[in-house]
Amino acid sequence: MANVRKVRMKQLDRTKVESLLKENGGKFFSCEFTKQDGSLRKIHGRTGVKKYLRGGKNKVAKQSNSLVTMWEKKVTDYRTINLKTLSKLTLRGNTYKIV
């Protein structure tokens, strides 16, 4: 039988998520959030990727402090996540339930 690793979720205050992502230093992380249409979305990627920029400025970042732009590895494109609808975050081997 394969070893099954039990994941113990820690609770994280929603106000500390952005600082935790900045401390992550552009390393890969996973998260779950609710999209605008109400469906749950799981995403794996990292912040700080600039290789595929096509010029111009990120207008989404100025609209709200709760939006974070990240690079999604699976589709190799930029995605924006809303920290207000974030429900789960996994980074550096820790899984956090956002409260």
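Because the structure is predicted, anything quoted here is derived from the model rather than measured.

This part takes up the nonpolar core. Counting residues in hydrophobic clusters, the biggest one holds 17 residues, and the most contacted among them are Val-17, Leu-21, Phe-29, Cys-31, Ile-81 and Leu-89. Taken together, the elements giving at least two residues each to this core come down to helix H1 (17-23), strand S2 (29-34), strand S4 (67-72), strand S6 (86-91) and strand S7 (94-98). Excluding anything up to four places from it in sequence, Phe-29 contacts Leu-21, Asn-24, Ile-43, His-44, Gly-45, Arg-46, Thr-47, Met-70, Ile-81, Leu-89, Thr-90 and Leu-91.

What follows is about the layout of surface pockets. Looking at the second largest pocket, its volume works out to about 270 Å³. Every residue along the wall of the second largest pocket is listed here: Phe-33, Thr-34, Lys-35, Gln-36, Arg-41, Ile-43, Leu-67, Arg-79, Thr-80, Ile-81, Asn-82 and Thr-85. Of the residues belonging to the lining of the second largest pocket, the class tally is four nonpolar, five polar and three charged.

Rules of the game
Residues numbered from 1 in each chain as written. Predicted model: local features only at pLDDT ≥ 70, side-chain atom pairs only at ≥ 80, totals over all residues. Heavy atoms only, no water. Core = buried A, V, L, I, M, F, W, Y, C linked by side-chain atoms within 4.5 Å. Buried < 20%, exposed > 50% of the residue type's maximum accessible area, 1.4 Å probe, protein only. Helix = DSSP H or I, 4+ residues; strand = E, 2+ residues; numbered from the N terminus. Contact = heavy atoms within 4.5 Å. 1 Å grid on protein atoms, 1.4 Å probe; cavity = no way out; pocket = protein on both sides within 12 Å on 5 of 7 lines; lining within 4 Å. Points joined across faces, edges and corners; volume = space filled by probe spheres on them. Nonpolar A, V, L, I, M, F, W, Y, C, P; charged D, E, K, R; others polar.

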